[in-house]
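Coordinate analysis (summary)
Letter by letter, the chains look like this.
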Amino acid sequence: MTALLEVKNLVKHFEVSRGLVRAVDGVSFSLEKGETLGLVGESGCGKTTTGRCILQLERATSGSILFEGRELTTLDQSELRAVRRKMQVIFQDPYSSLNPRMTVGQIIAEPLAVHGIVRGSAARAARVKDLLSRVGLLPAHARRYPHEMSGGQRQRVGIARALAMEPSLIICDEPVSALDVSIQAQIINLLEDLQSEFGLTYLFIAHDLAVVRHISDRVAVMYLGKIAEMADRKTIYDNPRHPYTKALLSAVPIPDPELEMKRERIVLGGEVPSPLNPPSGCVFHPRCPIAVERCTHEIPVLRDLTPGHGAACHLAEIA
Amino acid sequence: MATVETFADVPEASAAARWRTFVVDFCRQRPLGAIGAAVVLLNLVVAALANVISPYDPLATDYGAMLAAPSRAHWLGTDAFGRDVLTRILYGSRTAMLVGFSCAFIGATLGAVIGVTSAYFGGKVDLLIQRVMDIFLSFPLIILALAVVAMLGTGLENVIAAITVPMIPRAALVARSSALAIREMPYVDAARAAGFRHGRIILRHMSPNVMAPYLIMLTAFLGQAILLEASLSFLGLGVSEPTPAWGLMLRGAAVQFAESAPWMAIFPGLAISLAVFAFNLFGDSLRDALDPRLRTQ
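Keep in mind it's a predicted model, so treat the numbers as computed, not measured.

**Concerning the overall build of chain B**
When helices and strands are tallied, chain B shows 14 helices and 0 strands. Going from the N terminus to the C terminus, chain B shows its helices and strands as α-α-α-α-α-α-α-α-α-α-α-α-α-α. Expressed as lengths along the three principal axes of its C-alpha atoms, the size of chain B is roughly 85 × 45 × 30 Å. Looking at the 297 residues of chain B, the share that counts as buried comes to 47%. Sequence-distant contacts, at least 24 apart, represent 72% of the contacts inside chain B between residues at least 6 apart.

As structure tokens, this is what we get:
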């Protein structure tokens, strides 16, 4: 298997009047074809910006993004247009991600027409119906406007729009965070069904650990623009090595009152530091329960503890 | 896949039905605006049917009835050439509507596209466009219009151009501020991620979503354009004789005989005021009706 997507040392800094926001600060990971990588972290940790850089909605400050063997960061507008067909996105907010002035049918048919995927309006209408049925909607929904639909239905339209391009990679930017819990499961199941049907690869950005655990093959935990720990799903949930990952996982409630009572919780003190002025050394050290003197000045690199399990912590082995 | 949520049906409101509700609500909640809209409509009908409803030929002179006071034969009197004032007001509405609608439509549309383009690209493009617009904005409307007429000369097309040009930067400013918010909407990101061209994103995805400020600008510009056309004509820089135009009817002999034949100036003046007032009433009410913060749902 060759990597479908390879992100190397991705950096995205935003210049603001008060200085430099280090939204993404040296993120590397790769994605094999057909797998799902869950990218988790708190709000503002840079997970969405990472996704936007891969999609080239933001230009990376530095670093490399290889998609299907092509370097995206140096492509010009017309070259990018061709690549974008293969790389799609599903957004968090199903209300603002659909153009309110277009019908569902127009929204889904537009990329088909623009990229010449399906020629002829009758053929396109048929494809729109096909796509709608694949995401669990009715052909009649093509005539609806987004505001005439529920949040879950709209998110299905967003998925159909992404599928229309016949992509190999879909970046799911918190696709269920804005939905009711009952609808979340439906959308997650739909995404899984579509993955096996079309051989899709997902970069699944979320802050809900339970959702990520369900859908991901591998999980990367981000903190303040950096990856803290990355491993396959089982390893990261059963044997987390980074103190931040441990704290996150200890916050997940267990749906069993007796076990829940005995659950050990690690409560982190303080707030996430500002990415305008990140701490020296390990960015996590001011909140870390096990930090030592070394952590305050030496930046830990993401290193493999066992093959495929990396953690950016000096104390990963002993903690 | 058959789940309650997926097939939960929202009552389908057709575009026609929603439009009807809007019109009914508008008339009920904003009677002044409805009156304005009615006068605007009346103006349009008069303009369209001027040749049918006018009692005389607007260009026909009658030296036997020069400066005649309002009477049964000439309801609003005659001017210094014996031309029927009512007829010329009715025909003048044609000029006013033609100039008003062309200027407002072209000005608001071009301005909106420039404003949305400016907001979409941002950065240096935005800065450059905005500074050029600022230069135009630094001149009062009438001064800029005068300058354009001075360059192009008089005549109907040139008057339209002269009034349109100063409207563009005003529309661009309003459209840009609305478009800046739309620029950040995920559906614009989705369009960019889909690899659509800039032109398509600007025209199909962003411009239709600045429709509310666009309509408000359009109605505001209508009144302004009519007033400007009358002003330019009054100054002798607009439409020229013998074309019937309201501003034109106020100059020349109307000034000379203001005391002995006041109807020559009063009635065209009233026509201008009424038309502009109606457009402004309608525009203000439309703005309130389309502003979501003021809308009660």
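**Comments concerning the interface of chain B and chain A**
The partner chain A presents 38 residues to the 29 residues of chain B that form the contact. With both sides pooled, the region where chain B packs onto chain A buries about 3000 Å², and carbon together with sulfur makes up 51% of that total. Applying the counting rule to chain B against chain A returns 3 salt bridges. B:Arg200 is paired through a salt bridge with A:Glu110; the nearest N and O atoms lie 2.6 Å apart. In this structure, the connection of chain B to chain A is made through 10 residue pairs in polar contact (both at pLDDT 80 or more). For the side of chain B that touches chain A, the elements supplying multiple residues, two or more each, are helix 1 (4-7), helix 9 (186-193) and helix 10 (198-206) of chain B. The element contributing the most residues to the side of chain B that touches chain A is helix 9 of chain B, with 6 residues.

**Comments concerning the sheet that holds strand 1 (residues 3-16) of chain A**
All names here are of chain A. In space, the 4 strands of this open sheet follow the order 2-1-4-5, with antiparallel pairing throughout. Looking at the sheet topology across the chains shown, the edges are occupied by strand 2 (19-32) and strand 5 (70-71). Relative to strand 2, strand 1 is paired through 11 bridges, and the arrangement is antiparallel. Residue Ala-3 lies in a different strand from strand 2, and its bridge partner there is Glu-32. Running over the sheet, helix 1 (residues 47-54) touches strand 1, strand 2 and strand 4 (62-67) and is turned about 115 degrees from strand 1.

**Examining empty space enclosed by the protein**
Summary: where empty space remains is shown by rolling a probe the size of a single water molecule over the atoms. Inspection of every chain in the model, using the stated rule, returns 4 cavities of 30 Å³ or more. In this structure, the largest cavity occupies an estimated 90 Å³ of space. As for the largest cavity, its lining consists of A:Asn99, A:Met102, A:Ile107, A:Glu110, A:Pro111, A:Arg161, B:Tyr187, B:Ala190, B:Ala191, B:Ala194, B:Phe196 and B:His205. For the lining of the largest cavity, the secondary-structure elements that each account for two or more residues are helix 3 (104-114) of chain A together with helix 9 of chain B. Classifying every residue of the lining of the largest cavity by side-chain character gives 8 nonpolar, 2 polar and 2 charged. The volume enclosed by the second largest cavity comes to roughly 60 Å³. Of the residues belonging to the lining of the second largest cavity, the class tally is 8 nonpolar, 3 polar and no charged.

**Digging into the nonpolar core**
One finds A:Ile108, A:Ile159 and A:Phe204 to be the most contacted residues of the largest nonpolar core, which totals 60 residues. For A:Ile108, the contacting residues outside a window of four places in its chain are A:Val128, A:Leu131, A:Leu132, A:Val157, A:Ala160, A:Arg161 and A:Ala164. Within the second largest apolar cluster, 49 residues are counted, among which are B:Val99, B:Ile160, B:Tyr214 and B:Ala278.

Conventions used here
Residues numbered from 1 in each chain as written. Chains lettered and ligands numbered in written order. Predicted model: local features only at pLDDT ≥ 70, side-chain atom pairs only at ≥ 80, totals over all residues. Heavy atoms only, no water. Helix = DSSP H or I, 4+ residues; strand = E, 2+ residues; numbered from the N terminus. Buried < 20%, exposed > 50% of the residue type's maximum accessible area, 1.4 Å probe, protein only. Contact = heavy atoms within 4.5 Å. Buried area = accessible area lost by both parts, 1.4 Å probe. Salt bridge = Lys/Arg side-chain N within 4 Å of Asp/Glu carboxyl O. Polar contact = N/O pair within 3.5 Å; in protein donor to acceptor, adjacent residues only side chain to side chain. Pairing = 2+ DSSP bridges. Axes fitted to C-alpha atoms, helices over the stretch in contact; angles between N-to-C directions. 1 Å grid on protein atoms, 1.4 Å probe; cavity = no way out; pocket = protein on both sides within 12 Å on 5 of 7 lines; lining within 4 Å. Points joined across faces, edges and corners; volume = space filled by probe spheres on them. Nonpolar A, V, L, I, M, F, W, Y, C, P; charged D, E, K, R; others polar. Core = buried A, V, L, I, M, F, W, Y, C linked by side-chain atoms within 4.5 Å.

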